[in-house]
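Architecture and fold: a report
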Amino acid sequence: MSTARAGRAAARETDETRSTVTCVFAVTENPPPDEVVTVTPGHDGGGPLRVLAAGPLQLLVQDVPAADFGEEALAQRLNRPADLERCARAHHRAVETAAGAGPVVPLPMATLYLDDRNAVRAVAAREASLRALLDRLRGRTEWAVKVHGPGSGLASAAAADGPADGRSYLRRASARRRTELEARERALEQAHAVDRELRRRAVAATRHRPQSEQLTGRSVPQLLNAAYLVDDGRRAEFVRAVDELARGAHRSAVEVTVSGPWIPYSFARSDEVECAAHREVRA
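Keep in mind the model is a prediction, meaning the values are calculated, not measured. For every chain, the first residue of the written sequence is number 1, and numbering continues from 1 along that sequence. The predicted nature of this model means local features are confined to residues of pLDDT at least 70 and side-chain atom pairs, given and counted, to a pLDDT of 80 or more, with totals for whole chains, interfaces and linings taken over all residues. The side-chain values count all of the structure's non-hydrogen atoms but skip hydrogen atoms and water molecules.

Moving on: the pattern of salt bridges. Salt bridges, as used here, are contacts in which a Lys or Arg side-chain nitrogen is within 4 Å of a carboxyl oxygen on Asp or Glu. Applying the stated criterion to the full structure yields 20 salt bridges. Here R138 ties to E29 by a salt bridge, and the two come within 3.0 Å at their closest N and O atoms. One end of the pair, R138, is in the loop between α7 (127-137) and β5 (140-148); the other, E29, is in the loop between β1 (20-28) and α2 (34-37), with 109 residues separating them in the sequence. Accessible area is worked out with a 1.4 Å probe on protein chains only. A residue is then buried under 20% of its type maximum, exposed over 50%, and partly exposed in between. Residue class for E29 comes out partly exposed when judged on its relative accessible area of 21%. For D83, the salt bridge identified is with R86, shortest N-O distance 2.1 Å. Note that D83 and R86 are positioned in helix α5 (residues 81-99) at a spacing of three residues, about one turn of the helix. Residue classification places D83 among the buried residues on the basis of a relative accessible area of 12%. Look at R86 and you get partly exposed, because its relative accessible area is 44%. The structure contains a network of salt bridges with shared partners spanning E29, E127, R131, D135 and R138. Going along the chain from the N terminus, every DSSP run of H or I of four or more residues is numbered as a helix, and every run of E of two or more is numbered as a strand.

What follows is the structure, encoded as structure tokens:
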């Protein structure tokens, strides 16, 4: 049976014959105390969070209703913004609980298995890479840095001045476009310089897709949306470097912001972990 066909068969089994499936939030070596785990809210309608042993590794899991987390039902829920937000918050709460006891590998949201046995078997098959990843994340946290560039308001205002005839207007519009293009190129170079400098102070770094102005709520473009994995012992040094870069960039109307420390979601991926099916029920 092909992998795709097996996945569909598993989904049908989940939807038709099982009352619950096992949702796995995170992998760790040091499980948090039961009294913390059991009081942490998970997905609506599911059982309490619990720790599931997988050899030397520990999984933070929850039994969730198969009817709500089958392939079709889950796809519909995650396409509804309010439901998606609830799922994301539940996932993050569980990962935070696991991270309170030590390094953690967060799994993709809605990582589902038909039962505990299958969850343990899947994690055991990746034990070596997961343990190596936990070692890599130990004593390190994620820091997010964003760079926003200047808007076009000043150039637009300047172009509005002067004679109102058509030829003069076109000349001013062309000059405005050149000015805006030059300003954006300078701002992009500053964003690249920020990234280069911060990479020198981090263990690893990754650049995410810049967010739209609709998402950021800002009227200026986002030029850099990056994450850095930083040794906790160099945390103060990293933040000072961001502050210095922000002061330098501010003189040219480019804003640099930093937030953290965060659980290192951006770096909790080995090749095998990335291949874990997102929103898939495994046989």
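Structure shown, so let's carry the discussion forward.
A few words now on the sheet that holds strand β7 (residues 222-231). Strand pairing in a sheet takes place through backbone hydrogen bonds and is either antiparallel or parallel in direction. A pair of strands is labelled paired if DSSP reports no fewer than 2 bridges between them. A sheet is described by the order of its strands in space; here four strands give the open sequence β6-β7-β5-β8, paired in antiparallel fashion. This sheet does not close on itself; its edge strands, each paired only once, are β6 (204-207) and β8 (255-262). Averaged over all pairs of adjacent strands, the angle between their axes in this sheet comes to 20 degrees, without regard to strand direction. Across nine bridges, β5 lies against β7 in antiparallel orientation. Residue pairing for β7: R140 is matched across the bridge by D231. Contacts from helix α11 (residues 235-250) reach β5, β7 and β8, with the element oriented near 165 degrees to β8. Axes here mean lines fitted to C-alpha atoms, for a helix over just the part in contact, with angles spanning 0 to 180 degrees between N-to-C directions. In this analysis, two residues are considered to be in contact whenever any of their non-hydrogen atoms come within 4.5 Å of each other.

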